[in-house]
Amino acid sequence: MKHLLTAQDLARQDIERICDRAAAFAETQERDVKKLPALRNRTVLNLFYEASTRTRGSFELAAKRLSADVVNFTASGSSTEKGESLKDTVLTLSAHQPDAIVIRCPWAGAPALLADWTDAAIVNAGDGKHEHPTQALLDVYTLRRRLGALDGLNVWIVGDVLHSRVARSNVRLFQEMGANVTLAGPPTLMPRDIGVTGAAVSYSLDGVGEADVVYALRMQNERMQEAYVPSLREYSWFFQVDSRRIAPGALIMHPGPVNRGVEISAEATDSERSLILDQVEAGVVVRMAVLYELLAASRAGSPVREGAPA
Ligand code: CP
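Residues numbered from 1 in each chain as written. Predicted model: local features only at pLDDT ≥ 70, side-chain atom pairs only at ≥ 80, totals over all residues. Heavy atoms only, no water.

1. Concerning the environment of Arg-145
Defined as follows: To qualify as a helix, a DSSP run of H or I must reach at least 4 residues; to qualify as a strand, a run of E must reach at least 2; elements of each kind are numbered from the N terminus. Burial classes: relative accessible area under 20% of the type maximum marks a residue as buried, over 50% as exposed, and values in between as partly exposed (1.4 Å probe, protein chains only). Should any heavy atoms of two residues lie within 4.5 Å, those residues are considered in contact.
Within the element layout of this structure, Arg-145 appears in helix H5 (residues 133–147). The exposed category is assigned to Arg-145, whose relative accessible area is 53%. Counting along the chain gives 90 residues from Arg-145 to Tyr-235, while the straight-line C-alpha distance between them is 32 Å. Residues contacting Arg-145, with those up to four places away along its chain left out, are Ala-23 and Ala-26.

Shown next as structure tokens:
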């Protein structure tokens, strides 16, 4: 695999290989010395044009845990503020010869453009409303760790599907791993072409009691140019993920950041059934596995065997 641009590129065997490698990395992260030498002398450029807490932090940590050199670029404070274009920024920073560029940006499809402008491996860390493939990978990893497998699992993804890159990537990977996916939310927050996903669609939470996993999506106010719901209060009344609405054994997920009291109740966020912090923890080892996959796997054996503490 040269790049990770969309979840559509990942077949079940790719997902399983990346998750298995992430699990092997997780064992190494229990050690006192957490660094592995696998990406020594490699450079990872984190190019962030949008806000991020989880993805940016975990990619940086992942690259450092694999001994890569890391360059962090954020649009704020860079020459982007003087009008430098994405292309010129990428060409400029590519002069430092990064081996991988991790990009988060508001422009759907931009990671694929980067792949034409530079020799570096490109990782899509979220492009507008389009895709967030490493989020989907870490969510599959989290569920596999908890439940063993996703085959036959009923997963409900609830909320602002229209603006959600997480929904787009997660539907694909959950289905590829054998889960039955239902997308639920108000009609105004469903894409018109929702049928192409092959997921079931529900415009209420009436059947959510059947779900084994309920995945709440953030209301993406920053991507809304008009009012999609009469009020957040009314939205919460009908669609808020709350422990009282879902089966007693159902697990709760959310990609973060959480709008407590809007798409998910504070009680559900903090409950023992919530996997939200497990998802964050998984981010580091899954992103280690992705960087390893792109930069080292083709020319190496087991990262853990090679990966005696640096
Ligand atoms: N889930 C996610 O992408 O979170 P951040 O925006 O904080 O990276």
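The rest of the description comes next.
2. Observations regarding unusual backbone geometry
Of the consecutive residues Gly-256 and Pro-257, the connecting peptide bond is found in the cis state with omega at -5°. Here the phi dihedral of Ser-67 falls at roughly 70°; this positive angle occurs in a residue that is not glycine. Within the secondary structure, Ser-67 sits in the loop between helix H2 (54–65) and strand S2 (69–74). Among the residues examined, Ser-67 registers a relative accessible area of 14% and is labelled buried.

3. Looking at the packing of H2 against helix H9 (residues 276–295)
Packed helices, taken two at a time, are described by the angle their axes make and the gap between the axes. Note the cut-off: Fitted lines through C-alpha atoms serve as axes, helices being fitted only where they are in contact, and the angles separating the N-to-C directions of these axes extend from 0 to 180 degrees. Throughout, the term roughly parallel applies to angles under 35 degrees, roughly antiparallel to angles over 145, roughly perpendicular to angles from 65 to 115, and oblique to all others. For a crossing to be left-handed, the near helix must be turned anticlockwise from the far one by less than a right angle; the clockwise case is right-handed. Residue polarity is assigned by list, with Asp, Glu, Lys and Arg as charged and Ala, Val, Leu, Ile, Met, Phe, Trp, Tyr, Cys and Pro as nonpolar; anything else, Gly included, falls into the polar class.
Their axes nearest at 8 Å, the elements H2 and H9 cross at an angle of 50°. Of the possible angle classes, the one that applies to H2 and H9 is oblique. Of the two possible hands of crossing, H2 and H9 adopt the one that is right-handed. Contacts between H2 and H9 involve Arg-54, Thr-55, Ser-58, Phe-59, Leu-61, Ala-62, Ala-63 and Arg-65 from the first element and Val-280, Gly-283, Val-284, Arg-287, Met-288 and Leu-291 from the second. Its residues placed into classes, the contact of H2 with H9 shows 8 nonpolar, 3 polar and 3 charged.

4. Things to note about the site of the ligand
Defined as follows: A single heavy atom is enough: if one lies within 4 Å of a molecule or strand, its residue is considered near that molecule or strand. Within 3.5 Å is the distance limit for a polar contact, defined as a pair of N or O atoms, with the added protein rule that one can donate a hydrogen and the other accept it, and that residues adjacent in sequence qualify only through two side-chain atoms. For accessible areas, the Shrake-Rupley method is used with a probe of radius 1.4 Å. Any residue's cover is judged against the shown protein chains and nothing else. The domain boundaries here were taken from an automatic or database domain assignment.
Close to the ligand lie Ser-52, Thr-53, Arg-54, Thr-55, Arg-104, His-132, Gln-135, Pro-255 and Gly-256. At 2.9 Å from an oxygen atom of the ligand is found a side-chain nitrogen or oxygen belonging to His-132. Between the ligand and the protein, one listed contact pairs a nitrogen atom with a side-chain N or O atom of Gln-135 at 3.0 Å. In isolation the ligand offers 260 Å² of accessible surface; the protein chains occlude 92% of this area. When the residues that make up the shell around the ligand are grouped by side-chain class, the tally is 1 nonpolar, 6 polar and 2 charged. Among the domains, domain 1 (7–131 + 282–297) and domain 2 (133–278) are the pair contributing at least three residues each to the shell around the ligand.

5. Points about the sheet that holds strand S9 (residues 251–253)
Rules: For two strands to count as paired, DSSP must find a minimum of two bridges between them.
Pairing within the open sheet is parallel, and its 5 strands lie in the order S7-S6-S5-S8-S9. Looking along the sheet, the strands with just one partner apiece sit at the ends: strand S7 (200–202) and S9. Sheet twist, expressed as the average angle between the axes of neighbouring strands with direction ignored, equals 20°. As defined by bridge partners, strand S5 (residues 154–158) adjoins strand S6 (residues 180–184) across 5 bridges and the pair is classed as parallel. If you follow Asn-154 over to S6, its bridge partner there is Asn-180. Contacts from H5 reach strand S8 (213–216) and S9 within the one sheet, and its direction differs from that of S9 by about 160°. This element, helix H6 (residues 165–176), spans S5, S6 and S8 of the sheet and lies at about 175° to S5.

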